[in-house]
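Structural description and commentary
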Amino acid sequence: MKTTNKTASKKIDILAEDQKEIRRLKELDDIELLKEALSRLIYETSESAMTKKPVKAAKKLKRTAKIGRAVSGKKVKISYSFTYVPYKKPERAETKLYAINYITLSLVKESELTGELPLDYDENRLVLQILDPFTAHAYWEVSLQERCRLRLGYGGHFVLRLHNISDSTKEEIWFPEDIGNCFVALPKPASIYRAELGYYSSKRYSCVAISNSVYSPTDKVSEKTAEPVPEDRDQPVTKDSVRAATKYTLIIQEPDEKDSGSENFKPL
Amino acid sequence: MINDAGIWAPVLHAHLPFVRHPEYVDMMEERWLYEAITETYIPLIDVFQRLSDENIKFRLTLTITPSLANMLADSLLMGRYLSYINRLVDLAENEVLRTKDLAKFELLARIYRDKFYKIRSIFEKWNFRLLNAFRHFQDSGYLEIITCCATHAFLPLLANFKEAVEAQIKMAVIDYEHHFRCVPKGIWLAECAYYEGLDEVLRRNGLSYFFVDTHGITHANPRPGYATYAPIDCGSGVFAFGRDPETGRQVWSSEVGYPGDPNYRDFYRDIGFDLDKEYIGPYIHESGIRLNTGIKYHRITGKNIADKEVYDYSIAMQKTWEHANHFVFSRERQIAAVGVNMRRSPIIVSPYDCELFGHWWFEGPEFLYNVLKKIVLEGQYTRLGTPSDYLGIYKHSEKAVPCMSSWGEEGYCSVWLNEKNAWIYPHVHKATERMIKLADDFFEATGLMQRALNQAAREVMLLQSSDWAFIMKTETTVGYAKKRIKDHVFRFNKLYESILGGDVNVLWLSEVESRDNIFPEMDFRIFKKQ
């Protein structure tokens, strides 16, 4: 009988505590605190589960869900389970580890967190990126307004002009689409390039977008040789001096008696 | 002048894209992290601990990318990992019982069981926070942990947006300080991708060195005299270290490299695919899709999965010792040969994907243990060191500008920009451009608006991650990569419109904040115009 009373009074205490917490969160009128409070409780729960207090952890999770639901008025689902695997080896028989198996917690619908990619960004844009010494990648988009201005569909076509800024040459590549991307062969490595997207219509050319400039890397060893480091800066070494120099950074001193920590790295 | 000693600088690059889905019970892509922890990160911590216990004073450079660091520091993911390793322990116990009449298999099942118990106890020892372990080994002088672009963005394809490049580097440094309580000395540029002028951004953010692929140095202008055997000063005071091709081939190559030895464990044949669904059901995906469990009983023999022979753990361990001997012998010879023509000690920089050791190459951590130990104890010409150690000895280097390059196939950008993934760039660039504008227009924002702007910055950074384009190129989990692109573009655009319209939905924002919770210390102002 006594036990029942104790349990009942504990339950009342917990309920009162919950009500207090719900009131506190509601009074604050700060719904953002709710999620923070829930997250904190969940982290604490994970920690206590890992430190061998699974019953306490489970109770905490149940209460967290309840408080969450009461305050937000939304469905707050926290699923959990604990795995207990005792060590079977005799020398470790006393060790018990618990793990929190999973938690799901959602304050919004899953569909509100994901969606399709935008089809376009409705702007004129041309971007050039370097792939390797002989290839670049270009992608582009033409805005609705620009497409109307160019009167697409009346026999014209898009063109990509590739300018080699390093030697002032250019070449043209034709495209039928107003949105897309392509890989462009670069005539020369180690050069600066810029591209231009244009439109040909009845022999009239309109520039639509100009890209950023890019630098294609070299594909060979440089003909120039680096200046050697002045001799006085180098340390001509023998086997022993290198060993000593290397040891300078490698030796780990024995721990100081006063220092209760582990070995500390101190150069000699 | 003849030199007869040099530095071998192993560099491990640990990276996984930020994958965290509190909304799903069992997200398959989250297992990338759990598998990497079980097979690579904890086995490496174990190697470091064993070497340190034996008083072997090794030096090693380790990149922990900010996205990985954020996952390793996340309570939810670490809680789920504990559940994952518990299940593995459970499965391994069942395997010991199941194989009790199959002598060779039973021995292996016992090895797996002990291994998983050990992994769990290491995880527990570091208080479920593996960053504590890595920080400990850095503070003790064994590791030099460096940073990487905030969300592993492939910077040459963001080069049109200087502010975004600056933000990737700035956020990386801030996040590093948050996790490791010191400033990073160097950086691993995602995919080793460099373009001319990037070193200036690094200098502004207090970084003193980075790495490029071999041709980044050999094609530098002007041509450096020491090729990849010494760093070059880019002219900005930042140094570029070149990747050594020989050490790369010995470990990376699937045909001539060590991991292809037929005595090593096969990666592809796993009991998750071999055993009855009734038995293996609780340990694969909840939907019933078969997955790797990590328990594999066969070795690399023959190309046909069904013909593979049973794995012999002791022979494989013997092999790691032989391969380590061969590797160290090769370094000794290489350093002795190269040093003859140099006025300084050479440095051999060997970067590897960290997940190669343990995940792809099961015996990799043991090989690394043997190599590091052998060099420290018996190295005649070879010393272990980090780029910082080398720069501590040689403060000046030849001045040259590295060539634009990456360590991807063909050496430039074709892995991250090709017919399969080119469609993402208009969206990535537009979101980036909008973010820069937002940072400028709402620089003084506070309260809810500031929270929305910070979340917009997180979304755009997650969108910039090079991993999505990589997955599309390699055609692995393309559906997932496409979804991530769509989600981040959608969330960013919604935030963009809400911010411009001045009506941010708190509940919606809170939900997005709790899902894409990378970089708690984010300040959107890092995107401001320069």
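None of these values were measured; they are calculated from a predicted model.

1. Some details on the overall build of chain A
Helix and strand counts for chain A come out as five helices and nine strands. Traced from its N-terminal end to its C-terminal end, chain A shows the element sequence α-α-α-β-β-β-β-α-β-β-β-β-β-α. Looking at chain A as a whole, 41% of its 268 residues qualify as buried. Contacts in chain A between residues far apart in sequence, at least 24 positions, make up 56% of those at least 6 positions apart. For chain A, the computed accessible surface area is about 16,000 Å², with 54% contributed by carbon and sulfur atoms.

2. A word on unusual backbone geometry
Comment: phi is negative for the bulk of residues other than glycine, and the bulk of peptide bonds are trans. For the peptide bond that leads from Asn221(B) to Pro222(B), omega is -5 degrees, which places it in the cis range. Relative to the helices and strands, Pro222(B) is located in the loop between helix H8 (214-218) and strand E6 (232-233). Of note in the backbone geometry, Ser168(A) takes a positive phi value of approximately 55 degrees without being a glycine. Structurally, the position occupied by Ser168(A) is in the loop between strand E5 (157-164) and strand E6 (169-175). The phi torsion at Asn55(B) lies on the positive side, around 65 degrees, for a residue other than glycine.

3. Some remarks on a nonpolar patch on the surface
Taken together, the side chains of Ile165(A), Ile192(A) and Tyr215(A) present a nonpolar region at the surface, about 250 Å² in accessible area. Following the sequence through the fold, Ile192(A) ends up in strand E8 (residues 192-201).

4. Side note on the state of the cysteines
Per the counting criterion, the structure on display carries zero disulfides over all chains. In this structure Cys148(A) is a free cysteine whose sulfur lies 18 Å from that of Cys207(A), the closest cysteine sulfur available. In this model Cys182(B) remains outside any disulfide bridge; the closest cysteine sulfur is found in Cys148(B), 17 Å from its own. Accessibility expressed as a relative area gives 29% for Cys182(B), which makes it partly exposed.

Conventions and cut-offs
Residues numbered from 1 in each chain as written. Chains lettered and ligands numbered in written order. Predicted model: local features only at pLDDT ≥ 70, side-chain atom pairs only at ≥ 80, totals over all residues. Heavy atoms only, no water. Helix = DSSP H or I, 4+ residues; strand = E, 2+ residues; numbered from the N terminus. Buried < 20%, exposed > 50% of the residue type's maximum accessible area, 1.4 Å probe, protein only. Contact = heavy atoms within 4.5 Å. Areas by Shrake-Rupley, 256 points an atom, 1.4 Å probe, with all protein chains shown as cover. Patch = residues over 30% accessible without salt bridge, like charges linked within 9 Å, V, L, I, M, F, W, Y side chains within 5 Å. Salt bridge = Lys/Arg side-chain N within 4 Å of Asp/Glu carboxyl O. Disulfide = S-S within 2.5 Å.

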